[in-house]
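Residue-level listing of the chains:
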Amino acid sequence: MEQAVLVLIKPDAIQRKLTGAVLARLESLDVKLIGAKAVRVDHALAEEHYTRLRGKPFFDDMIRYLCGELHGVEFVVALVFWGEEAIRQIRHVAGATNPEAAAPGTIRGAYGCLTSGGRMENVLHASSDESEAKREIALWFRPEELLIQLP
Ligand code: TYD
């Protein structure tokens, strides 16, 4: 089943100039890039993006992280990919949420880190399932910014 997935290249990756490396890994998959832009993230957008995690002990720190406040960067790179099992393909190459647990061959295993304070700096976000992907894509992109019209 073909599906869309939102990917965010997070501020730790932007600061460390890993955008190209992350894109190269994603480009090697059997998925098509149908949307891409640099986005300045304010707290309202970050909180809406992670709305299902409101109330978690790491929430406030994670919002500051996504807004770039912890890395001194002003944007994230937002991408939409389309393809057969795109969510599974991309989450597989992204690796486990916790970079310490992510396999070495994955993006998070290669480039992510767990800070001494316990924050997961895990390089990228990828939608967890199809309904989250739809919600997230509508939050980050206008339909006319995508190369195909999504179902
Ligand atoms: P989650 O949606 O569970 O994972 P994923 O990004 O792999 O879909 O969590 C969202 C983000 O929250 C995750 O990328 C990093 C952060 N996070 C923490 O900082 N600590 C935690 O214990 C968890 C579960 C997540």
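The rules behind these values
- Residues numbered from 1 in each chain as written.
- Predicted model: local features only at pLDDT ≥ 70, side-chain atom pairs only at ≥ 80, totals over all residues.
- Heavy atoms only, no water.
- Near = heavy atom within 4 Å.
- Polar contact = N/O pair within 3.5 Å; in protein donor to acceptor, adjacent residues only side chain to side chain.
- Areas by Shrake-Rupley, 256 points an atom, 1.4 Å probe, with all protein chains shown as cover.
- Nonpolar A, V, L, I, M, F, W, Y, C, P; charged D, E, K, R; others polar.
- Buried < 20%, exposed > 50% of the residue type's maximum accessible area, 1.4 Å probe, protein only.
- Helix = DSSP H or I, 4+ residues; strand = E, 2+ residues; numbered from the N terminus.
- Arc of directions from axis to C-beta.
- Contact = heavy atoms within 4.5 Å.
- Pairing = 2+ DSSP bridges.

Participant: Where do I start with the site of the ligand in this structure?
Facilitator: Near the ligand you find Lys10, Tyr50, Arg52, Leu53, Phe58, Met62, Arg91, Thr97, Arg108, Met120 and Asn122, and these make up its full shell. For the ligand, an oxygen atom lies 2.6 Å from a polar atom in the side chain of Arg52. In the environment of the ligand, an oxygen atom lies 3.1 Å from a nitrogen or oxygen atom belonging to the side chain of Arg91. Protein contact buries 79% of the 500 Å² of open area that the ligand shows by itself. Residues of the shell around the ligand, tallied by class, amount to five nonpolar, two polar and four charged.

Participant: Explanation requested: helix 7 (residues 130–140) in the structure shown.
Facilitator: Because each turn of an α-helix spans 3.6 residues, side chains separated by three or four positions end up pointing in the same direction. Turning to helix 7, its buried residues are Glu132, Ala133, Glu136, Ile137 and Trp140. The buried side chains of helix 7 occupy one side of the element, clustering within an arc of 125° when seen end-on. More than 90 degrees from the buried face of helix 7, the exposed residues found are Ser131, Lys134 and Ala138. As for helix 7, its buried residues are in contact with strand 1 (2–9), strand 2 (32–39), helix 3 (43–49), strand 3 (76–84), helix 5 (86–94) and strand 6 (124–126). Backbone nitrogen of Ser131 and a side-chain oxygen of the N-cap are separated by 3.1 Å at the start of helix 7; the cap is Asp129.

Participant: Quick question: what am I supposed to make of the side chain of Glu121 here?
Facilitator: Here Glu121 shows up in strand 5 (residues 120–121). Residue Glu121 is classed as buried on the basis of its relative accessible area of 9%. A polar contact is formed between the side chain of Glu121 and the side chain of His71, at a distance of 3.1 Å. Within the local environment of Glu121, its side chain forms a polar contact with the side chain of Arg119, the two groups lying 2.7 Å apart.

Participant: Which parts of the structure should I look at to understand the pairing of strand 3?
Facilitator: In the case of a regular strand, side chains alternate between the two sheet surfaces. Of all nine residues in strand 3, eight are buried, a share of seventy percent or more. Inspection of the sheet shows strand 1 paired to strand 3 by eight bridges, in the antiparallel sense. Looking across to strand 3, one finds that Leu6 is bridged to Val80. Pairing of strand 2 with strand 3 involves seven bridges; the strand directions are antiparallel. Paired with Lys32 across the bridge in strand 3 is Trp82.

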